[in-house]
Amino acid sequence: MARQITKAVVPAAGLGTRLLPSTKSQPKEMLPVGRKPAIQYVVEELQAAGLRQLLIITGERKRAIEDHLDADPDLVQALEQAGNEAALGDLAYLESEARFFFTRQSPPKGLGHAVSLAADFVDGDDFVVVLGDSMIVSPDPAAPLREMMAAHKRLKASAIVAVETVPPEETYRYGIVDVGGAEPAPGEPVAMEDIVEKPPVETSPSTLAVAARYVFSPAIFAMLSRTLPGKGGEIQLTDAIRLLIQQGEPVYAWPLAPDQKRYDVGNFESYFRAFIEFALADERYGYLVRKYIKAKAYEL
Ligand code: G1P
């Protein structure tokens, strides 16, 4: 019987060129989205999904991520003495049982290359991949991962890939899956027939886009080792998944539900949207942001 999945890989080595000058000296994963840096939401989601060994793939100019995930007993003690429960709650991700591991991808040669660096860490187990720049907004942000892991086990899958419907004119921004024209229901895994990285709308097989969350069996590593540079000259994870499908391995798309929305800090447009969304949802400051936006809307 397949063991419970405990390992997660978080690629976070991308240069963030689309976010210059904000990313001149800091990782895009450390940009604040509301009150927390993007990577903290990812880590909290993984911890809430029960993952205990988290490998972050970092790179040049990414050291702030390691600092943010480093335990800080002096700070915690000072906050305890001051009785600052709110700040302590925000730092709970440091007190979790989960352990952080780090490796560097230098130079970054693509998402597929980043994941291939996790082979020794994964060491023959099933594992999760969550992109470090992308967050889920939902009443229970860890629900998709939990359900995807359960589906992976139940279906004895080689890969389960979260997908979301995007507008047709945005297919060029995402990995797009072919599910043979099926219209899958949220949370219902559907067999994947093909997958292609960032196709133009004219040739896109659907509008179901890869949503930054994956569950893999270790079979993906053999495919990654055979994957040649693809879109943008990079080794694409999408192309390795395509090889899995071509080998006849069971690969499924897993559609997010309408109340499970994915946001990312990959470019300014999506970063601004993410910031507004998280600021509005903030339990402490959300009401102020709502008030401000409502007043502001009259001027626009
Ligand atoms: C990556 C993947 C792409 C996926 C996207 C969002 O692209 O290559 O398949 O759809 O993340 O999950 P990136 O945004 O890093 O260019």
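My aim in this report is to walk through the structure given alongside it, one point at a time. Small disclaimer: the values here were computed from a predicted structure and weren't measured.

### Observations concerning unusual backbone geometry
Stage number 1. Note that the residue after L20, namely P21, is joined by a cis bond; omega there is 5°.
Stage number 2. If you trace the backbone, P21 turns up in the loop between strand 1 (7-11) and strand 2 (32-33).
Stage number 3. For the bond running from S106 to P107, omega is -5°, close enough to zero to count as cis.
Stage number 4. One can find P107 in the loop between strand 5 (99-104) and helix 5 (111-116).
Stage number 5. Residues other than glycine seldom take positive phi values, yet R61 does so here, at roughly 60°.
Stage number 6. Looking at where R61 falls in the secondary structure, it is placed in the loop between strand 4 (53-58) and helix 2 (63-68).

### Section: the site of the ligand
Stage number 1. The environment of the ligand is made up of R18, L111, L131, Y174, G175, E197, K198, V210, A211, A212, Q236 and T238.
Stage number 2. Contact between the ligand and V210: an oxygen atom at 2.9 Å from a main-chain N or O atom of the residue.
Stage number 3. Residue T238 places a side-chain N or O atom 3.5 Å away from an oxygen atom belonging to the ligand.
Stage number 4. Relative to its unbound accessible area of 390 Å², the ligand is 83% covered by the protein chains.
Stage number 5. Examining the composition of the shell around the ligand, we find that three residues originate from one element, strand 12 (residues 208-216), more than from any other.
Stage number 6. Its residues assigned to classes, the shell around the ligand comprises six nonpolar, three polar and three charged.

### A closer look at the pattern of salt bridges
Stage number 1. According to the stated counting rule, one finds 18 salt bridges in the structure shown.
Stage number 2. Close ionic contact of E44 with K36 constitutes a salt bridge, the shortest N to O distance being 2.8 Å.
Stage number 3. Accessibility expressed as a relative area gives 16% for K36, which makes it buried.
Stage number 4. One salt-bridge network, in which partners are shared between bridges, spans R35, D90, D282 and R284.

### Section: the packing of aromatic side chains
Stage number 1. In total, this model carries eight aromatic pairs according to the counting rule given.
Stage number 2. Between F268 and F272, the ring centres sit 5.7 Å apart and the planes meet at 35°, which makes this aromatic pair tilted. Taken together, the positions of F268 and F272, both in helix 10 (residues 268-281) and four residues apart, correspond to about one turn of that helix.
Stage number 3. A relative accessible area of 48% places F272 in the partly exposed class.
Stage number 4. Through successive ring pairs, a cluster of aromatic residues spans F127, Y214, F216 and F221.

### Overview of the packing of helix 8 (residues 219-226) against helix 9 (residues 237-246)
Stage number 1. For the pair helix 8 and helix 9, the least separation of the axes is 8 Å and the interaxial angle reads 115°. Here helix 9 runs roughly perpendicular to helix 8, going by the angle between their axes. In this structure, the crossing between helix 8 and helix 9 has a hand that is right-handed. Between helix 8 and helix 9, the residues in contact are A219, I220, M223, L224 and R226 and L237, A240, I241, L243 and L244, respectively.
Stage number 2. Classifying every residue of the contact of helix 8 with helix 9 gives nine nonpolar, no polar and one charged.

### Quick notes on the nonpolar core
Stage number 1. Of all hydrophobic cores here, the largest spans 39 residues; its most connected members are L46, L51, L54, V128 and I160.
Stage number 2. If near-sequence neighbours (up to four positions away) are discounted, I160 is found in contact with M148, A151, H152, L155, R213, Y214, V215, Y252 and W254.
Stage number 3. Counting 36 residues, the second largest nonpolar core, distinct from the first, contains V129, V161, M192 and L243.

### Concerning the pairing of strand 8 (residues 159-165)
Stage number 1. Counting buried positions along strand 8 yields six of seven residues, so the element is predominantly enclosed.
Stage number 2. Here strand 8 runs beside strand 12; their pairing, made up of six bridges, is antiparallel. Of the residues in strand 12, the one forming a bridge with E164 is A209.

### Here's the deal with a nonpolar patch on the surface
Stage number 1. A surface patch of nonpolar side chains, amounting to about 290 Å² of accessible area, comprises I276, Y292 and I293.
Stage number 2. Considering the arrangement of structural elements, one finds I276 in helix 10.
Stage number 3. The exposure class of I276 is partly exposed, given its relative accessible area of 42%.

### A short note on the environment of H113
Stage number 1. For H113, the position within the fold is in helix 5.
Stage number 2. Between the C-alpha atoms of H113 and R273, which are 160 residues apart in sequence, the distance is 29 Å.
Stage number 3. Contact partners of H113, with chain neighbours within four places excluded, come to Q105, P107 and I235.

Definitions and limits used
Residues numbered from 1 in each chain as written. Predicted model: local features only at pLDDT ≥ 70, side-chain atom pairs only at ≥ 80, totals over all residues. Heavy atoms only, no water. Helix = DSSP H or I, 4+ residues; strand = E, 2+ residues; numbered from the N terminus. Near = heavy atom within 4 Å. Polar contact = N/O pair within 3.5 Å; in protein donor to acceptor, adjacent residues only side chain to side chain. Areas by Shrake-Rupley, 256 points an atom, 1.4 Å probe, with all protein chains shown as cover. Nonpolar A, V, L, I, M, F, W, Y, C, P; charged D, E, K, R; others polar. Salt bridge = Lys/Arg side-chain N within 4 Å of Asp/Glu carboxyl O. Buried < 20%, exposed > 50% of the residue type's maximum accessible area, 1.4 Å probe, protein only. Phe/Tyr/Trp six-rings, centres within 6.5 Å; stacked < 30°, edge-to-face > 60°. Axes fitted to C-alpha atoms, helices over the stretch in contact; angles between N-to-C directions. Parallel < 35°, antiparallel > 145°, perpendicular 65-115°, else oblique. Left-handed = near helix turned anticlockwise from the far one by under 90°. Contact = heavy atoms within 4.5 Å. Core = buried A, V, L, I, M, F, W, Y, C linked by side-chain atoms within 4.5 Å. Pairing = 2+ DSSP bridges. Patch = residues over 30% accessible without salt bridge, like charges linked within 9 Å, V, L, I, M, F, W, Y side chains within 5 Å.

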